[in-house]
2 protein chains.
Amino acid sequence: MNEQLFGWNEQTWLYLDQLGILAGNVMLLFSLCAVVFGWLRRDNIRRWFSRNRFPHIGGKPEGKDWQGLVFTVSRDELPCWVIGQLRPKRIGLLVTDHSEAAGKRIQAYAEQQGIAVHRRMIENADDPNEVYLRTRELLQLLRGEESGRLAIDITGGKVPMSLGAFMAAEEAGVDSLYVSTRFEQGRPDMRSASITSVSRTQ
Amino acid sequence: MNEQLFGWNEQTWLYLDQLGILAGNVMLLFSLCAVVFGWLRRDNIRRWFSRNRFPHIGGKPEGKDWQGLVFTVSRDELPCWVIGQLRPKRIGLLVTDHSEAAGKRIQAYAEQQGIAVHRRMIENADDPNEVYLRTRELLQLLRGEESGRLAIDITGGKVPMSLGAFMAAEEAGVDSLYVSTRFEQGRPDMRSASITSVSRTQ
């Protein structure tokens with residue numbers, strides 16, 4: 001059968017066979033080298049794959065069409081101002097013992113404007129993992145109701161709260177925001193307020 | 001040639017040929033379906049690949065063998081306490097106009113103990129990107145001098161400072177820490193201090 005193909009003779013086919021075997025051996029050698037190299041550098045390779053990346057840090061947020069917002073709450077002035085600026089359809093509040101009253105004021109303000117409000121209590125504001133888990137719940141609730149982009153405002157709360165909420169937001173592909181203001185006599189001066197993007201995920 | 005192999009006759013080889021062609025077609029169809037599916041879901045797939053993950057949030061830090069530490073500085077008591085606890089070989093300080101004096105006190109305390117100190121000024125503590133870039137510089141400096149694990153203490157500074165430093169740490173595969181303390185009369189009570197892990201990268 002072979003001899004008829006292309007009119008090649010048996011010698012040519014034998015050469016091709018040997019070329020094939022040679023190519024196979026080279027591939028085998030190459031694969032073995034790759035395996036050995038990969039084994040020696042396994043920690044670097046694993047770290048390279050699993051490392052987190054933040055390609056869009058800082059600047060002004062692009063677009064303002066967030067349908068849902070989650071806030072780490074310490075006082076009510078800033079979240080209320082953000083709600084007025086961005087006009088979300090629904091919000092989530094992460095509150096602690098200290099900020100429960102502020103959370104209720106934000107809730108009243110939001111519900112007045114027909115915004116749906118979800119709340120989660122944080123027992124230990126120093127535990128980033130608790131905040132991370134509660135933020136995930138809120139993001140799932142907000143996402144479940146209707147499609148649309150979400151964002152998280154990490155201005156309020158203690159540092160572990162902001163960090164825990166930020167990690168949940170990054171895992172969910174949700175933008176994170178921060179509100180800069182000047183403080184005068186212990187109160188934020190909302191005329192100086194502006195929204196900064198912490199990390200954009202898309 | 002073929003007819004001699006295994007003693008199979010030409011009919012068997014023809015069947016095998018046709019089986020091969022059938023398998024090829026099935027593979028082709030499968031590949032085409034995969035391409036179409038991948039195209040339709042391209043955004044989801046890209047998001048899944050590019051999404052950040054934080055598998056180790058919270059808890060007590062494992063091991064305390066960090067060779068280098070970076071601090072976001074607002075006051076000197078907490079970083080000095082952490083230096084005493086973890087005994088790093090070298091440190092980096094992220095200071096602002098407001099925390100420059102505290103930064104100098106930390107530097108004096110560290111140099112007394114033979115710890116090498118690097119400093120970076122932050123012009124705008126509300127810009128997470130500036131803090132991210134300065135933190136990267138400090139981590140490169142600390143890493144360049146000698147091998148060993150690094151960590152970052154994000155307790156001090158404003159929220160965008162902690163976040164900017166945290167993002168640089170995650171990209172560099174560096175652990176992040178937070179110091180919890182009770183405050184009494186406006187000063188941290190270091191007897192109540194404890195170190196929490198924000199995110200472990202390995």
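Rules used throughout
- Residue numbers run consecutively from 1 along every chain, following the written order of its sequence.
- Chain labels run from A onward and ligand labels from 1 onward, assigned in the order the entries are written.
- The predicted nature of this model means local features are confined to residues of pLDDT at least 70 and side-chain atom pairs, given and counted, to a pLDDT of 80 or more, with totals for whole chains, interfaces and linings taken over all residues.
- With hydrogens and water excluded, all non-hydrogen atoms of the structure serve as input to the side-chain values.
- Only DSSP runs of H or I reaching four residues or more are called helices, and only runs of E reaching two or more are called strands; each is numbered from the N terminus.
- With the radius of gyration taken over C-alpha atoms, the globule rule is written as 2.2 Å times the number of residues to the power 0.38.
- Summary of the burial criterion: residues with accessible area below 20% of their type's maximum are buried, those above 50% are exposed, and those between are partly exposed, where the area comes from a 1.4 Å probe applied to protein chains only.
- Only heavy atoms matter for contacts: two residues are in contact if any of them lie within 4.5 Å across the pair.
- Any carboxyl oxygen of Asp or Glu within 4 Å of a side-chain nitrogen of Lys or Arg constitutes a salt bridge here.
- What counts as buried area is the accessible surface, traced by a 1.4 Å probe, that two parts surrender upon association, with contributions from both included.
- For this analysis, a polar contact is any N or O atom pair within 3.5 Å, provided that within protein one partner can donate a hydrogen and the other can accept it, and provided that sequence-adjacent residues contribute only side-chain to side-chain pairs.
- Any residue that is not Ala, Val, Leu, Ile, Met, Phe, Trp, Tyr, Cys, Pro, Asp, Glu, Lys or Arg is counted as polar, Gly included; the first ten are nonpolar and the last four charged.
- Helix axes are fitted to C-alpha atoms over the stretch in contact, other axes to C-alpha atoms as well, and angles between N-to-C directions run from 0 to 180 degrees.
- Roughly parallel means an angle under 35 degrees; roughly antiparallel means over 145; roughly perpendicular covers 65 to 115; every other angle is labelled oblique.
- Crossings are classed by handedness, with left-handed meaning an anticlockwise turn of the near helix from the far one by less than a right angle and right-handed meaning a clockwise turn.
- Note on pairing: two strands pair once DSSP finds at least 2 bridges between them.
- Least squares is the method for superposing the copies, and the C-alpha atoms it fits come from residues with pLDDT of at least 70 in both.

A. Fine view of the overall build of chain A. On a plain count of helices and strands, chain A comes out with six helices and seven strands. Helices (α) and strands (β) of chain A occur, in sequence order from the N terminus, as α-α-β-β-α-β-α-β-α-β-α-β-β. At 28 Å, chain A has a C-alpha radius of gyration far larger than the 17 Å of a compact globule built from 202 residues. In terms of overall dimensions, chain A has a C-alpha envelope of 95 × 35 × 30 Å along the principal axes. The buried share among the 202 residues of chain A stands at 46%. In chain A, 65% of the contacts between residues at least 6 apart in sequence involve partners at least 24 apart.

B. Spotlight on unusual backbone geometry. Despite not being glycine, Arg87 of chain A shows a phi value in the positive range, around 45°. Within the secondary structure, Arg87 of chain A sits in the loop between helix H3 (77-86) and strand E3 (90-95).

C. Spatial organisation of the pattern of salt bridges. The final tally for this structure, using the stated rule, is 19 salt bridges over all chains. The salt bridge partner of Glu137 of chain A is Arg134 of chain A, with a shortest N-O separation of 3.3 Å. Linking Glu137 of chain A with Arg134 of chain A, this pair stays in helix H5 (residues 128-145), spanning three residues, or about one helical turn. With a shortest N-O distance of 2.6 Å, Arg120 of chain B and Glu137 of chain B are connected by a salt bridge. With Arg120 of chain B in strand E4 (residues 116-121) and Glu137 of chain B in helix H5 (residues 128-145), this residue pair connects regions lying 17 residues apart in the sequence.

D. Geometry of the interface of chain A and chain B. Facing 34 residues of chain A, the contacting portion of chain B comprises 34 residues. Between chain A and chain B lies a buried interface of about 3300 Å² when both sides are counted; carbon and sulfur atoms form 62% of it. Applying the counting criterion to the chain A and chain B interface returns zero salt bridges. If you look at where chain A meets chain B, you find 10 residue pairs in polar contact (both at pLDDT 80 or more). Residue classes in the side of chain A that touches chain B are distributed as 14 nonpolar, 12 polar and eight charged.

E. A look at the packing of helix H6 (residues 159-171) of chain A against helix H6 (residues 159-171) of chain B. One way to put it is that H6 of chain A packs onto H6 of chain B with a least axis distance of 10 Å and a crossing angle of 50°. On the basis of their axis angle, the class for H6 of chain A and H6 of chain B is oblique. The two elements H6 of chain A and H6 of chain B cross, and the hand of that crossing is right-handed. Judged by residue contacts, Val159, Ser162, Leu163, Phe166 and Met167 of chain A of H6 of chain A engage Val159, Ser162, Leu163, Phe166 and Met167 of chain B from H6 of chain B. Among the residues making up the contact of H6 of chain A with H6 of chain B, the classes are represented as eight nonpolar, two polar and no charged.

F. Expanded view of the sheet that holds strand E6 (residues 175-184) of chain A. Judged by pairing direction, the sheet is mixed, and its seven strands sit side by side in the order E1-E7-E6-E5-E2-E3-E4 (chain A) without closing on themselves. Edge positions in the sheet fall to strand E1 (56-57) and strand E4 (116-121) of chain A, since each has one partner strand and no second. Pairing of strand E2 (residues 68-72) of chain A with strand E5 (residues 150-153) of chain A, which is carried by four bridges, proceeds in the parallel orientation. The residue of E5 of chain A that forms the bridge with Val70 of chain A is Ile152 of chain A. Against the sheet, H6 of chain B engages E1, E6 and strand E7 (187-200) of chain A, with an angle of about 10° to E7 of chain A.

G. Layout of the relation of the copies chain A and chain B. Screw-axis analysis of chain A against chain B gives a translation of 0.1 Å along the axis, an RMSD of 0.2 Å, and a rotation angle of 180°. On the angle and the small slide along the axis, the relation comes out as a two-fold axis. The C-alpha atom lying nearest the rotation axis in chain A is that of Asn52 of chain A; the distance is 2.6 Å. Interface overlap between copies: 97% of the residues of chain A at the interface are likewise at the interface in chain B, consistent with a symmetric, same-surface contact.

H. Spotlight on the environment of Leu69 of chain B. Residue and element names in this part refer to chain B. In this structure, Leu69 sits in strand E2 (residues 68-72). Among the residues examined, Leu69 registers a relative accessible area of 0% and is labelled buried. Along the backbone, Leu69 and Lys89 are 20 residues apart, and their C-alpha atoms lie at a distance of 8.5 Å. Not counting chain neighbours up to four residues away, the residues in contact with Leu69 comprise Val82, Leu86, Pro88, Arg90, Ile91, Gly92, Leu142, Ala151 and Leu177.

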